[in-house]
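# Analysis of the macromolecular model
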Amino acid sequence: MSRNSQIVIVVFCFLTACAAPNSNPIHLEQVLPVEGLTLPAMQVEVAGHYRVVCEVEALEREARLSMLEGETVLLDRVSIPGLGLHQVDVVLARRLTAGEHRYTLRANGGTLRIKSLALQRYEGPALPRFVDISTAAEFDTELTWKYGGPSVADIDGDGDYDFVLNNHDKVPAQVFWNQGNGTVIENEKPLIRWDVHGTAAGDYDRDGDLDIIVAQGGGNGTTPAPPHLFRNDEGEFVEVTQEVGVTQGARGRSVRWIDMDLDGDLDLLMINAGQIIHETGPRNFVYENKGDGSFTYFSSPEIEHADAERILVTDLNGDSYDDLVLFSPLSLWLGDGDLTFTEVSEKMLPKGYQGMKLITAAAPVDYDRDGDLDIYLTRGKVYYELANQSLDFDAIAGTVDLRDDGSEGRRGLTFETEGDLILEEFFHWYRGYDGAYPIYLGREKLTMDTPTEAIVLQPEQATGWPDDRRANGWYVGYLGEGKWQMEWVKDANIFWGMRMSLGGVKTVHTDWAPQNSNVQDVLLRNDGEQFVEVATETNIPKGGNHQGVTVADFNNDGYDDLFVYRFGMLRQRVEDLLLINDQNGHFVQVMSHGAHDWEDPGHGDMGQGFDFDLDGKIDMLNGSDNPGRWYLYGNQTTKLGGFALIHVGYSPVGQVDPLSAVVEIETASGTQKRRVASAGAIHSQSLLNIVHFGLAENQSIDKLTVTWRNGEQIVRTNQVVNQVIKLGL
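An unreviewed UniProt entry lists the chain under the name Repeat domain-containing protein, from Reichenbachiella agariperforans.

As structure tokens, this is what we get:
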């Protein structure tokens, strides 16, 4: 299979200002070369926001389309999901200036035929723009592996959001304190190092500050362990796991604070990785909070053996009991109020969605503003799936990036160069094999250790191809006339995965089909008794490899928007995707929004949308993974509508903490309702109790109601907007 991708292009281009075009159509019919095709000059008569609309035909299973102006990327590798005709419709949050513009189209991956391309004036809800405020906030992080997003919460109870960074390996899990002046400071002591997975913040001992629990992996089943519970003693975190009675665990993945028996205190739910052969006992665990600062194991057989590693806690049926969305495979569970759950997947999920796999994250979203919670599910292939027959070829850069599994067998490729070959980024994911895995060069199999840094290989150093290729290792041979061959051999299941990159490559060919990483996201509309899948009618992405999602009203118009984290290429970060609610049951896909670092070497992972500086505009804490940095993005949009920030404290009588409280506002334009919960979840849980509402043009809140999970309520009328309103203790 060739990976020397091109676009065969037949283009009909025009611009419109308001209803009428302001430039003559441009007709083209030619092959888009590897370096891209620059279109003839186009005159933009009216400055503003534009949408890029094009019809493309995919001639191979996976391809991506980019559009640039000079070195400025406007569309960053938009995923074309499969063979056949597809419509690309993406709005640019970056304003186009009036005047002459030259745009370049580029392809990455498979071959496309573009049948039409147009720029049209965007007339719709405000488009948010973000800037990286990490440096200004003194938020400095290292390149790290992560595990499914941060935990954002007011950990010290001072009225603004702090956060826990669940770094997976090498860099410890970190706590950052919000200083209330636009900056943060790292806690002096890290929480825990090594094999960190999900985290969650909650006040289990009801002393007014938030404690933190951290799930830890079980060494691939060899060392199962309970999570680590850190009690918050006035900002000092003291591990009390065994002391409070949490003594059992497994291959830790996701932890949740959840009041499963509705007695006012927070119980503990642990959702863990699948058991290995010969492993006995429960996979998942429920621990009941006894109300005296201790826990006891509670046997809940159905949930203990549920098949999932990831979880969203939400209210599926509006009965105020916390319910569960478990994935992947997908299943729905209603809380019974007695520390048990009843599976309702068959009853509530559409046919064909029960047990759906390749789900990476979930977010509760009331996209149609009818008062119940719909569910957005991102789908993609995570590291284990991608560690098998994955190949990227960037013809412009001349690079090949490979990921393959480390199981017994052999696989290879052929490629061409114009000169020397660069070998780099070799990685063997340890699986207990301690033997050598060298590089063998040419017919004579000259041996070199696997390089830890990039090396330049001249053709004469690897002349010929060996007949005997039985030993474990990478085989590289130069065949003459710029042609090379490469093969990797494993005589047993010796690695979890393998990676390498080549530089200086003109073309690459395989006799195996590199996998297509495109998977369709899912939007489930809540119709009360059942969920209905509405992906097509709501215009959510039809393809991509998405790893996370967070929900918020990013433009303060009173409607839920979404931010979707894209995995990208194997070694190249791509811009994540903003989905703006058009207020009519559809989403507008937005790029050039600014919440992106072009130099980051990682992949889109997960984040949370929240108001970091309490200015009424939603900011984001985003993680870039394997390895990337953490980023704090500030919402810099001007001319947004009004807002309200409802700071939900403890209930006035029972002093129940704010988790799962429901906040409802009534204004002249209708009703909005939100729960105190995470703004999307994978392995970690946030507690967003400074609840944000976008109010559009509304000048007051007619009625404000907060209902805690024990039924206590506070009602206020005629509330002033554009401020923080504190309700509860």
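Anyway, onward from the coordinates.
## Considerations on the overall build of the chain
Across its full length, the chain holds four helices and 57 strands. For the chain, whose C-alpha radius of gyration is 26 Å, the value lies close to the compact-globule estimate of 27 Å for 729 residues. Seen through its principal axes, the chain has C-alpha atoms that stretch 85 × 70 × 50 Å. The buried share of the chain, reckoned over its 729 residues, is 62%. Counting only contacts in the chain whose residues sit at least 6 apart along the sequence, the fraction spanning at least 24 positions is 63%. Here the chain contributes 58 positive and 111 negative side-chain charges, whose respective centroids are spaced 6 Å apart.

## Let's talk about the pairing of strand β9 (residues 72–80)
For β9, a buried count of eight out of nine residues is recorded, marking the element as mostly surrounded by other parts of the structure. Across six bridges, the pairing between strand β8 (residues 63–69) and β9 is antiparallel. What sits directly across from Glu69, in β9, is Thr72. In this structure, the hairpin formed by β8 and β9 is closed by a connection of two residues, where Gly70 is found at a positive phi of approximately 65°.

## Side note on the sheet that holds strand β29 (residues 331–335)
Reading across the sheet, the four strands line up as β27-β28-β29-β30 and stay open at both edges, with antiparallel pairing between neighbours. Looking at the sheet topology across the chains shown, the edges are occupied by β27 (310–314) and β30 (341–343). Along the sheet, successive strands turn relative to each other by an average axial angle of 25°, direction set aside.

## Description of the nonpolar core
Nonpolar side chains tend to gather and get buried jointly when the protein is soluble and globular. Core analysis: the largest hydrophobic core is formed by 82 residues, its most contacted members being Phe139, Phe163, Tyr376, Phe610 and Leu621. Counting residues per element, this core draws most heavily on strand β7 (residues 50–58), which supplies five residues. Setting aside residues up to four positions removed in sequence, Phe163 forms contacts with Phe139, Ser151, Val152, Ile155, Gln174, Val175, Phe176, Val184, Phe610, Phe612 and Leu621. Judged by nonpolar contacts, the second largest core, of 52 residues, contains Ala153, Leu191, Val240 and Ile665.

## Regarding the environment of Ser300
Within the secondary structure, Ser300 is located in the loop between β26 (295–298) and α1 (301–304). A relative accessible area of 3% means that Ser300 is categorised as buried. Taking the C-alpha atoms as reference points, Ser300 and Phe341, 41 residues apart in sequence, are found 8.1 Å from one another. Setting aside residues no more than four positions away along its own chain, Ser300 makes contact with Val286, Leu339 and Thr340.

## Topic: the pairing of strand β53 (residues 670–675)
Sheet topology places strand β52 (residues 662–667) next to β53; six bridges connect them, and they run antiparallel. Each residue of the ladder has a partner; that of Glu664, found in β53, is Lys673. Linking β52 back to β53 in an antiparallel pair, the connection comprises two residues.

## Thoughts on empty space enclosed by the protein
Any space left empty among the atoms is revealed by the rolling of a water-sized probe across them. In this structure the tally under the stated criterion is twelve cavities of 30 Å³ or more. Of the volumes computed, that of the largest cavity is approximately 420 Å³. Along its surface, the largest cavity is lined by 28 residues, and Val551, Arg674, Arg675, Ala679 and Val691 are the ones closest to its centre. Looking at the lining of the largest cavity, the elements with two or more residues in it are β31 (359–365), β44 (546–552), β48 (603–610), β53 and β54 (690–696). A per-element tally of the lining of the largest cavity places β53 first, with four residues. Broken down by class, the residue content of the lining of the largest cavity amounts to 14 nonpolar, six polar and eight charged.

## Quick word on the confidence of the model for the chain
Overall, the predicted model of the chain reaches an average pLDDT of 93, with 95% of residues at or above 70. Counting contacts from residues 1–25, a segment whose pLDDT is below 50, to residues more than four positions away or on other chains yields 106 contacts.

## What about the UniProt feature "domain: ASPIC/UnbV" (unreviewed entry) in the chain?
In this numbering, the UniProt entry assigns the feature "domain: ASPIC/UnbV" (unreviewed entry) to residues 661–725. Helix makes up 0% of residues 661–725 and strand 57%. Its end C-alpha atoms lie 15 Å apart.

## Describing the domain arrangement of the chain
Assigned domains within the chain: domain 1 (26–121), domain 2 (130–383 + 517–635) and domain 3 (389–510). Once you take the C-alpha centre of each, domain 1 and domain 3 turn out to be 34 Å apart. Taken together, the contact pairs four residues of domain 1 with four residues of domain 3. Summing both sides of the interface, domain 1 and domain 3 together bury roughly 330 Å²; the carbon and sulfur share of this comes to 58%. When the buried surface of domain 1 facing domain 3 is broken down by residue, Val34, Arg106 and Asn108 rank first, second and third, together holding 76% of it. Put simply, domain 1 and domain 3 have zero salt bridges between them. The interface formed by domain 1 and domain 3 holds zero residue pairs in polar contact (both at pLDDT 80 or more) in total. The class makeup of the residues in the side of domain 1 that touches domain 3 is one nonpolar, one polar and two charged.

## Comments concerning the sheet that holds strand β32 (residues 374–379)
The strand order β31-β32-β42-β43 describes an open sheet built from four strands, whose pairing is antiparallel. The outermost strands of the open sheet, each flanked by one partner alone, are β31 and β43 (531–533). Each strand of the sheet is rotated relative to its neighbour by a mean of 25°, with strand direction disregarded.

## Brief notes about the pattern of salt bridges
Per the counting criterion, the structure on display carries 26 salt bridges. Notably, a salt bridge pairs Asp404 with Arg411, separated by 2.6 Å at the nearest N-O pair. Assessed through its relative accessible area of 1%, Asp404 is described here as buried. In this structure Arg411 comes out as buried when scored by relative accessible area, which is 18%.

## Considering the packing of aromatic side chains
Counting across every chain of the model gives 28 aromatic pairs. When the centroid spacing of 5.6 Å and the interplanar angle of 90° are considered together, the rings of Tyr161 and Phe610 count as edge-to-face. Residue Tyr161 is found in the loop between β15 (151–153) and β16 (162–165), and its partner Phe610 is found in strand β48; the two are separated by 449 residues along the sequence. When the centroid spacing of 6.1 Å and the interplanar angle of 65° are considered together, the rings of Tyr287 and Tyr297 count as edge-to-face. Of this pair, Tyr287 sits in strand β25 (residues 285–289) while Tyr297 sits in strand β26; the two residues are ten residues apart in sequence, bridging distant segments of the chain. Given the relative accessible area of 30%, Tyr297 is considered partly exposed.

Rules of the game
- Residues numbered from 1 in each chain as written.
- Predicted model: local features only at pLDDT ≥ 70, side-chain atom pairs only at ≥ 80, totals over all residues.
- Heavy atoms only, no water.
- Helix = DSSP H or I, 4+ residues; strand = E, 2+ residues; numbered from the N terminus.
- Rg over C-alpha atoms; globule rule 2.2 N^0.38 Å.
- Buried < 20%, exposed > 50% of the residue type's maximum accessible area, 1.4 Å probe, protein only.
- Contact = heavy atoms within 4.5 Å.
- Lys, Arg positive; Asp, Glu negative; His and termini not counted.
- Charge placed at Lys NZ, Arg CZ, Asp CG, Glu CD.
- Pairing = 2+ DSSP bridges.
- Axes fitted to C-alpha atoms, helices over the stretch in contact; angles between N-to-C directions.
- Core = buried A, V, L, I, M, F, W, Y, C linked by side-chain atoms within 4.5 Å.
- 1 Å grid on protein atoms, 1.4 Å probe; cavity = no way out; pocket = protein on both sides within 12 Å on 5 of 7 lines; lining within 4 Å.
- Points joined across faces, edges and corners; volume = space filled by probe spheres on them.
- Nonpolar A, V, L, I, M, F, W, Y, C, P; charged D, E, K, R; others polar.
- pLDDT = per-residue confidence, 0-100.
- UniProt positions renumbered as here; feature names shortened; annotations may be inferred.
- Domains from an automatic or database assignment.
- Buried area = accessible area lost by both parts, 1.4 Å probe.
- Salt bridge = Lys/Arg side-chain N within 4 Å of Asp/Glu carboxyl O.
- Polar contact = N/O pair within 3.5 Å; in protein donor to acceptor, adjacent residues only side chain to side chain.
- Phe/Tyr/Trp six-rings, centres within 6.5 Å; stacked < 30°, edge-to-face > 60°.

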